[in-house]
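Okay, here's what each chain looks like letter by letter:
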Amino acid sequence: MSLPEIILVAVGLSIDAFAVSISIGLSVQKAVLKEMVIPGLYFGFFQALMPTIGYFLGIGFADKIAGLDHWIALALLGFLGGKLIKESFEKEDGGTEIREYTFQVFRMLSLAVATSIDALAIGIAFAFFKVPIIMAAPLTGMITFVISMCGVKIGHIFGLKFKSKAELAGGIVLVLLGIKIAVEHILL
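Residues numbered from 1 in each chain as written. Predicted model: local features only at pLDDT ≥ 70, side-chain atom pairs only at ≥ 80, totals over all residues. Heavy atoms only, no water.

1. So, helix H5 (residues 105-128)
- The terminal C-alpha atoms of H5, which comprises 24 residues, lie 34 Å apart, in line with the 34 Å expected from a rise of 1.5 Å per residue.
- The sharpest bend along H5 reaches about 40° and sits at Ser116. (Helix = DSSP H or I, 4+ residues; strand = E, 2+ residues; numbered from the N terminus. Expected span 1.5 Å × (residues − 1). Bend = angle between axes of the 7 residues up to and from the residue.)

2. Details of the packing of helix H1 (residues 3-25) against helix H2 (residues 33-57)
- Between H1 and H2, whose axes approach to 11 Å, the crossing angle comes to 160°. Taken together, the axes of H1 and H2 lie roughly antiparallel to each other. When you trace H1 past H2, the crossing you get is right-handed. Judged by residue contacts, Leu13, Ala17, Val20, Ser21 and Ile24 of H1 engage Pro39, Phe43 and Gln47 from H2.
- Considered class by class, the residues forming the contact of H1 with H2 number six nonpolar, two polar and no charged. (Axes fitted to C-alpha atoms, helices over the stretch in contact; angles between N-to-C directions. Parallel < 35°, antiparallel > 145°, perpendicular 65-115°, else oblique. Left-handed = near helix turned anticlockwise from the far one by under 90°. Contact = heavy atoms within 4.5 Å. Nonpolar A, V, L, I, M, F, W, Y, C, P; charged D, E, K, R; others polar.)

3. Here's the deal with the pattern of salt bridges
- The tally for this structure, following the rule as stated, stands at one salt bridge.
- A salt bridge links Lys180 to Asp16, with the nearest nitrogen and oxygen atoms 3.7 Å apart. Within this pair, whereas Lys180 is found in helix H7 (residues 166-187), its partner Asp16 is found in helix H1, the two being separated by 164 residues in sequence.
- Assessed through its relative accessible area of 9%, Asp16 is described here as buried. (Salt bridge = Lys/Arg side-chain N within 4 Å of Asp/Glu carboxyl O. Buried < 20%, exposed > 50% of the residue type's maximum accessible area, 1.4 Å probe, protein only.)

4. Quick notes on the confidence of the model for the protein chain
- Overall, the predicted model of the protein chain reaches an average pLDDT of 80, with 79% of residues at or above 70.
- For the protein chain, per-element mean pLDDT is lowest for helix H3 (residues 59-66), which scores 58, and highest for H2, which scores 93.
- In the model, residues 93-99 has pLDDT below 50 throughout and makes 17 contacts with residues more than four positions away in sequence or in other chains. (pLDDT = per-residue confidence, 0-100.)

Put into structure tokens, the structure is as follows:
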């Protein structure tokens, strides 16, 4: 696998994290550097970690996780998305302000794991193609980090225009992303 191919794989892996980062951006009061870096670090770290794990565990483990990965992602994203949707209907001060997104460790870990499970399988493919994981994993993490930061900023800009529906939209994005992951795995 060439470097441009590895970069394309990394961008492809980061798309789910990008979508979740947009939903996070919808709920931040200010898209300052800290609010953009936190999701970037979580998502980037797990997008680098999962292919590394997949690379070293090999094919035997892939068969076991392949039947469950989409259900795990659906459960995590569905739960967190449902929570955001519920919160969007709990009006505070007439519902005119975006509720500040809290970067709780459990929430961020759940989102990071849910968006990076597919990277585990990519790690196995990297092993088959003899891709140097020492280069591919950090590159995937760095690309995801940057793309996730951009997603938070884009979501924040969108959220400023549609304050009262920001959490609802973010929750819907998470639920739909979970459904998309499950449907792709069931049908493919």
